[in-house]
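Spelled out from the first residue to the last, the chains are:
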Amino acid sequence: MRRSILLVPIGLCGCAADDEFRVLSYTPAGIEYSVSTGAHSREAVADMAQQYCQREGKKGQIIDSGVAEKHIFKGSRVVYRFSCVS
C-alpha cells in the first residue's frame, strides 16, 4: 500500500517517465523534438512531424538536427527541427 501511495504523485508529475522523446517547442510554422537515438529512428520522428504539420494542412520538412547529449549507456540525444511548409 505504501509503495502505491508514493508512486502516484511521481507518476502524475511525469518524473518517473522515461524521457526518450520530448517536444521542445511547437508553433504553426514548425516543431522541434528531442529524441533518444536508442528509442526512435529518424524516420519515426519524421512521421510524427508529418502528422503534426498535416493538422495545419502542410507538409513537414526537416530543417536540421544535432546531437544534444551523448550517453555511454543510453545512446545519444538528438534534436530534430522541422518546419511546416505548403
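Figured I'd write up the structure that's included with this text. What you see is a predicted model; the values in this text were computed from it and never measured.

Examining the state of the cysteines
Logical step 1: What the rule picks out here adds up to one disulfide.
Logical step 2: Between the sulfur atoms of C53 and its disulfide mate C84 the distance is 2.1 Å. Linking C53 and C84, the disulfide has an S-S dihedral of approximately -70° and is accordingly described as left-handed. Taken as a pair, C53 in helix α2 (residues 42-54) and C84 in strand β4 (residues 75-85) lie far apart in primary sequence, 31 residues in all. Comparing C53 with C84 shows no difference in burial state: the two are buried.

Side note on the pairing of β4
Successive residues of a regular strand alternate their side chains across the two faces of the sheet.
Logical step 1: Looking at chain direction, strand β2 (residues 30-36) and β4 are connected through seven bridges and run antiparallel. Considered in β4, the bridge of V35 is made with V78.
Logical step 2: Note that strand β3 (residues 59-71) and β4 share eleven bridges and pair antiparallel. Considered in β4, the bridge of E69 is made with R77.

Quick notes on the rules
- Residues numbered from 1 in each chain as written.
- Predicted model: local features only at pLDDT ≥ 70, side-chain atom pairs only at ≥ 80, totals over all residues.
- Heavy atoms only, no water.
- Disulfide = S-S within 2.5 Å.
- Helix = DSSP H or I, 4+ residues; strand = E, 2+ residues; numbered from the N terminus.
- Buried < 20%, exposed > 50% of the residue type's maximum accessible area, 1.4 Å probe, protein only.
- Pairing = 2+ DSSP bridges.

None of the figures reported here should be taken as evidence of function without further support.
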